[in-house]
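Residues per chain, in single letters:
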There are 2 protein chains.
Amino acid sequence: MTDLAGQKCVPCRPGTPKLTAEEIQELLPQVPEWDVVEREAEKRLERTFSFDDYRQALTFTNNVGEMAEEQDHHPVLVTEWGKVKVSWWTHAIGGLHRNDFIAAAKTDQIYSEMS
Amino acid sequence: MTDLAGQKCVPCRPGTPKLTAEEIQELLPQVPEWDVVEREAEKRLERTFSFDDYRQALTFTNNVGEMAEEQDHHPVLVTEWGKVKVSWWTHAIGGLHRNDFIAAAKTDQIYSEMS
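Residues numbered from 1 in each chain as written. Chains lettered and ligands numbered in written order. Predicted model: local features only at pLDDT ≥ 70, side-chain atom pairs only at ≥ 80, totals over all residues. Heavy atoms only, no water.

### Details of the nonpolar core
Then, in step 1: Residues Phe60(A), Trp88(A), Phe101(A), Phe60(B), Trp88(B) and Phe101(B) are the most contacted members of the largest nonpolar core, which totals 66 residues.
Then, in step 2: Setting aside residues up to four positions removed in sequence, Phe60(B) forms contacts with Phe49(B), Phe51(B), Val84(B), Val86(B), Thr107(B), Ile110(B), Tyr111(B) and Met114(B). (Core = buried A, V, L, I, M, F, W, Y, C linked by side-chain atoms within 4.5 Å. Buried < 20%, exposed > 50% of the residue type's maximum accessible area, 1.4 Å probe, protein only. Contact = heavy atoms within 4.5 Å.)

### Some remarks on helix α3 (residues 98-114) of chain B
Residues and elements named next belong to chain B.
Then, in step 1: With 17 residues, α3 should reach 24 Å at 1.5 Å per residue; the first-to-last C-alpha distance of 25 Å fits that figure.
Then, in step 2: Burial of α3 is extensive: 12 of the 17 residues sit out of reach of the surface.
Then, in step 3: Among the residues making up α3, those that are buried are Asn99, Asp100, Phe101, Ile102, Ala103, Ala104, Ala105, Lys106, Thr107, Asp108, Ile110 and Tyr111. (Helix = DSSP H or I, 4+ residues; strand = E, 2+ residues; numbered from the N terminus. Expected span 1.5 Å × (residues − 1).)

### Digging into the pairing of strand β4 (residues 83-88) of chain A
Regular strands have side chains that alternate between both faces of the sheet.
Residue and element names in this part refer to chain A.
Then, in step 1: Pairing between strand β2 (residues 42-50) and β4: 6 bridges, direction antiparallel. Within β4, the position partnered with Thr48 by the bridge is Lys85.
Then, in step 2: Between the antiparallel neighbours strand β3 (residues 76-80) and β4 lie 2 residues, among them Gly82 with a positive phi of about 80 degrees. (Pairing = 2+ DSSP bridges.)

### A word on the packing of aromatic side chains
All names here are of chain A.
Then, in step 1: Using the criterion set out here, one finds 12 aromatic pairs over all chains in the structure.
Then, in step 2: Members of the aromatic cluster, joined through ring pairs, are Trp34, Phe49, Phe51, Phe60 and Tyr111.
Then, in step 3: A cation over a ring is seen here: Arg44 above Trp89, with NZ or CZ 3.5 Å from the ring centre. (Phe/Tyr/Trp six-rings, centres within 6.5 Å; stacked < 30°, edge-to-face > 60°. Lys NZ or Arg CZ within 6 Å of the ring centre and 35° of its normal.)

### Some words on the packing of helix α2 (residues 54-71) of chain B against α3(B)
Residue and element names in this part refer to chain B.
Then, in step 1: Running from N to C, α2 and α3 cross one another at 140 degrees; their axes reach a closest spacing of 10 Å. When the axes of α2 and α3 are compared, the pair comes out oblique. The crossing of α2 and α3 is right-handed. Between α2, through Gln56, Thr59, Phe60, Asn63, Val64, Met67 and Gln71, and α3, the contact on the second element is made entirely by Ala103, Lys106, Thr107, Ile110, Tyr111 and Met114. (Axes fitted to C-alpha atoms, helices over the stretch in contact; angles between N-to-C directions. Parallel < 35°, antiparallel > 145°, perpendicular 65-115°, else oblique. Left-handed = near helix turned anticlockwise from the far one by under 90°.)

Right, here's the structure in full:
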């Protein structure tokens, strides 16, 4: 099994192919806490992370935001008291790319390091 | 006109009355960029703030989060590339309290200071 969390997101343009359903099923076991959901007709990876308070949720949002800047790939982060919902998908291709799975694995790693 | 942004949020418990429609209409002109929306049968104040990039959006999220901790009143912050949607309401009473208008005015002030 490849270590997704150790990989880097690659530049991605319109025209880059989306992952097929088969490719998604191959990658998903490496980020088993994430759900593939469809919003506005685009597939996304979503996971909600729990925290003891607002401060920790905000710190997590920051840490994920910093990683996003490093990878030049940006999620939607919904921060509220005690939880953060993270959504990864690739706007440019209107769906999921391997980058999203790499970023999801890195997000899991950030969470583990905080727990 | 009272300066909402200069006021402090007060502790609020179940049983504290929600603002009436009339009181909401009196306060809203002081935060004219905010919408009163109803989600899950509870009124909320919502505003989406625009930024040039992800970094600025993340900084704003942090600044609003810090103010929220100071006021001990916490919004939902949806952070994405170039924008942050802020929602204020008072969970304990299932609707809007004067605290939400104070917090909205403080949020506007944070945004002005960044622009």
